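Single-letter residue listing:
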Amino acid sequence: MHKKSYLPTKICVVCQRPFTWRKKWQQSWDDVKYCSERCRRSKPHVLKSSKTD
């Protein structure tokens, strides 16, 4: 088995653990923020403020 230490890593915004690049994220690696579906579902809900000037 190969060691894949050459793959890029990121830190999950929810659990703060490192995760590595996956082939399914090939097209959207810059947009990936969560290490798993579980973290994505448990993300903090941030209310978007809509400014009406």
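Going by the structure above, here's the rest.
Keep in mind that this is a model prediction, so the values were computed, not measured.

Each value, and the rule that gives it
- Residues numbered from 1 in each chain as written.
- Predicted model: local features only at pLDDT ≥ 70, side-chain atom pairs only at ≥ 80, totals over all residues.
- Heavy atoms only, no water.
- Phe/Tyr/Trp six-rings, centres within 6.5 Å; stacked < 30°, edge-to-face > 60°.
- Helix = DSSP H or I, 4+ residues; strand = E, 2+ residues; numbered from the N terminus.
- Buried < 20%, exposed > 50% of the residue type's maximum accessible area, 1.4 Å probe, protein only.
- Lys NZ or Arg CZ within 6 Å of the ring centre and 35° of its normal.
- Salt bridge = Lys/Arg side-chain N within 4 Å of Asp/Glu carboxyl O.

Caption draft 1: Highlighting the packing of aromatic side chains. Applying the stated criterion across every chain yields a total of three aromatic pairs. Here the aromatic rings of phenylalanine 19 and tryptophan 29 are separated by 5.9 Å at their centres, their planes lie at 70°, and the arrangement is edge-to-face. Here phenylalanine 19, found in strand 2 (residues 18-20), pairs with tryptophan 29, found in the loop between strand 2 and helix 1 (37-41); they are 10 residues apart in sequence, far enough to count as distant. Note on accessibility: phenylalanine 19 and tryptophan 29 belong to one class, buried. Through a chain of ring-to-ring contacts, three or more aromatic side chains come together here, namely Phe19, Trp25 and Trp29. Here the basic side chain of lysine 10 rests over the ring of tryptophan 29, its NZ or CZ set 4.6 Å away from the ring centre.

Caption draft 2: Structural view of the pattern of salt bridges. Within this structure, the stated rule accounts for two salt bridges. Here glutamate 37 ties to arginine 40 by a salt bridge, and the two come within 2.3 Å at their closest N and O atoms. Residue glutamate 37 and its partner arginine 40 are located together in helix 1, separated by three residues, close to a single helical turn. Arginine 40 gets classed as partly exposed once you look at its relative accessible area, which sits at 38%. Using a relative accessible area of 38% as the deciding quantity, one classes glutamate 37 as partly exposed. Look at the salt bridges and you will find they share partners, linking Glu37, Arg40 and Arg41 into a network.

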